[in-house]
Amino acid sequence: MVVIAPGDAPEFDPEPAIFDVLLWDYPHRIVDGRSALIIPNGEANLLVTSPGLPALEELQAAGPSAFRRAEFGRGGWPPVLALTVNNGQPPGFAPFGPVPLAGDTEYLGYRWRRVGDRWRLSSLWRVGRPRPGEILLQFHHLRAGDENGPVITTQDVRVSSGAWRGGDLVIVWADFGALPGQGPFWVDTGLYQYPEIRRVDRLDQPMNPQGPIRLGPFYTD
């Protein structure tokens, strides 16, 4: 069971705490549905604790086969959505790489699209093995105009790396609003370890393993 909630730390976040207790005797993992979505290998059960989580938008856009869907109420709490899905390479991502990172993780592609009044960059990762004990975040450094110009805004988001298992596909996203003009825009991205604030090495460029994955150009017209 993969629980998609607003947060992934039961010791701090109310919804993860509730479902961690409810599923105490059942194998489960918790994903922060505000910035990450895990699509496990093979058939999997997903439990979405709130209908307003961005993970639902990503799940709909990713298009895995949802062959069972149920919704149930919790009194005054938001309804919970239960889905059974099949793993598969989600459509709509522009292939990139793959770019291998230390720890057996690969960057596979990206999707740039408008969501409401924001522009969203979604990234697709493949997990080769679990990363227990590691707290990873994905950084996004956005540049306008010249791809080597100054960074104009940043977004660092949780990827729920403690919940990763071998064979998972992981979608991570960042939203950008009030962009200056129509572009071009470029985004440098990658993973870093917290609290060390050290980037996870790229394995495809040994002369510069700390170099970012540069994506773009992107436009808003």
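Residues numbered from 1 in each chain as written. Predicted model: local features only at pLDDT ≥ 70, side-chain atom pairs only at ≥ 80, totals over all residues. Heavy atoms only, no water.

Trainee: Hey, could you run me through the sheet that holds strand E7 (residues 94-101) in this one?
Mentor: Hydrogen bonds between backbone atoms are what pair the strands of a sheet, whose relative direction is either parallel or antiparallel. Reading across from one edge, E3-E12-E9-E8-E7 is the order of the five strands in this open sheet, with antiparallel pairing throughout. With partners counted over all chains shown, the strands left at the sheet margins are strand E3 (36-39) and E7, one partner each. Sheet twist, expressed as the average angle between the axes of neighbouring strands with direction ignored, equals 25°. As paired strands, E3 and strand E12 (residues 169-176) are joined by four bridges and run antiparallel to one another. Of the residues in E12, the one forming a bridge with isoleucine 39 is leucine 169. Sheet strands touched by helix H2 (residues 54-62): E3, strand E8 (105-115), strand E9 (118-127) and E12. Its angle to E8, the strand with the most contacts, is close to 100°. (Pairing = 2+ DSSP bridges. Helix = DSSP H or I, 4+ residues; strand = E, 2+ residues; numbered from the N terminus. Axes fitted to C-alpha atoms, helices over the stretch in contact; angles between N-to-C directions. Contact = heavy atoms within 4.5 Å.)

Trainee: Is there a simple way to think about the side chain of aspartate 175 in this case?
Mentor: Looking at the secondary structure, you find aspartate 175 in strand E12. Among the polar contacts made by the side chain of aspartate 175, one reaches the side chain of arginine 118 at a distance of 2.5 Å. Reaching out from aspartate 175, the side chain makes a polar contact with the side chain of arginine 120 at a distance of 2.7 Å. Among all residues touching aspartate 175, those that are not within four sequence positions of it are Arg118, Trp119, Arg120 and Gln155. (Polar contact = N/O pair within 3.5 Å; in protein donor to acceptor, adjacent residues only side chain to side chain.)

Trainee: What is the right way to look at the nonpolar core in this model?
Mentor: In globular proteins that are soluble, nonpolar side chains generally tend to be buried together. Counting residues in hydrophobic clusters, the biggest one holds 50 residues, and the most contacted among them are Ile4, Leu121, Trp125, Trp164, Ile171, Leu191 and Phe218. With seven residues, E12 is the single largest residue contributor to this core. Isoleucine 171 has contacts with Ser35, Ala36, Leu37, Ile39, Glu58, Ala62, Pro90, Phe93, Ser122, Ser123 and Leu124, leaving out every residue within four places of it along the chain. Judged by nonpolar contacts, the second largest core, of seven residues, contains Ala5, Phe19, Leu23 and Val80. (Core = buried A, V, L, I, M, F, W, Y, C linked by side-chain atoms within 4.5 Å. Buried < 20%, exposed > 50% of the residue type's maximum accessible area, 1.4 Å probe, protein only.)

Trainee: Sorry, what's going on with the pattern of salt bridges here?
Mentor: Any two side chains of opposite charge can pair if their charged atoms end up close together. One pass over the structure, following the stated rule, counts 17 salt bridges. Between arginine 118 and aspartate 117 there is a salt bridge, with its nearest N and O atoms 3.5 Å apart. For arginine 118, a relative accessible area of 27% gives the class partly exposed. The residue arginine 118 makes a salt bridge to aspartate 175 at a minimum N-O spacing of 2.5 Å. With a gap of 57 residues between them, arginine 118 in strand E9 and aspartate 175 in strand E12 connect regions that are remote in the sequence. Counted as one network, the salt bridges with shared partners bring together Glu57, Glu58, Arg111, Arg113, Asp117, Arg118, Arg120 and Asp175. (Salt bridge = Lys/Arg side-chain N within 4 Å of Asp/Glu carboxyl O.)

Trainee: Sorry if this is basic, but what is going on with helix H1 (residues 14-22) here?
Mentor: In an α-helix there are 3.6 residues to a turn, and that puts residues three or four apart on one side. When we look at burial in H1, the residues that qualify are Glu15, Pro16 and Phe19. Mapping the buried residues of H1 onto a view down its axis gives an arc of 95°, with all of them on the same face. The outward face of H1, more than 90 degrees from its buried face, is lined by the exposed residues Pro14 and Val21. (Arc of directions from axis to C-beta.)

Trainee: Explanation requested: the environment of valine 170 in the structure shown.
Mentor: Structurally, valine 170 can be placed in strand E12. For the pair valine 170 and leucine 37, spaced 133 residues apart in sequence, the C-alpha to C-alpha distance is 5.7 Å. Those residues in contact with valine 170 that lie beyond four places of it in its chain are Leu37, Ile38, Ser123, Leu124, Trp125, Val127, Val159 and Trp164.

Trainee: Please explain the environment of proline 195 as it appears in this structure.
Mentor: Along the polypeptide, proline 195 turns up in the loop between strand E13 (185-194) and strand E14 (198-199). We classify proline 195 as exposed; its relative accessible area is 57%. Separated by 61 residues in sequence, proline 195 and glutamate 134 place their C-alpha atoms 9.6 Å apart.

Trainee: Can you walk me through the pairing of strand E10 (residues 135-144) in this structure?
Mentor: Here is the key point about a regular strand: its side chains alternate between the two faces of the sheet. Burial within E10 is extensive, with eight of its ten residues counted as buried. As paired strands, E10 and E13 are joined by ten bridges and run antiparallel to one another. Bridge pairing links histidine 140 to threonine 189 in E13. With seven bridges joining them, E10 and strand E11 (residues 151-158) adopt antiparallel strand pairing. For phenylalanine 139, the partnering residue across the bridge sits in E11 and is aspartate 156. Here E10 folds back onto E11, and the loop between the two strands holds six residues, one of which, glycine 145, carries a positive phi near 80°.

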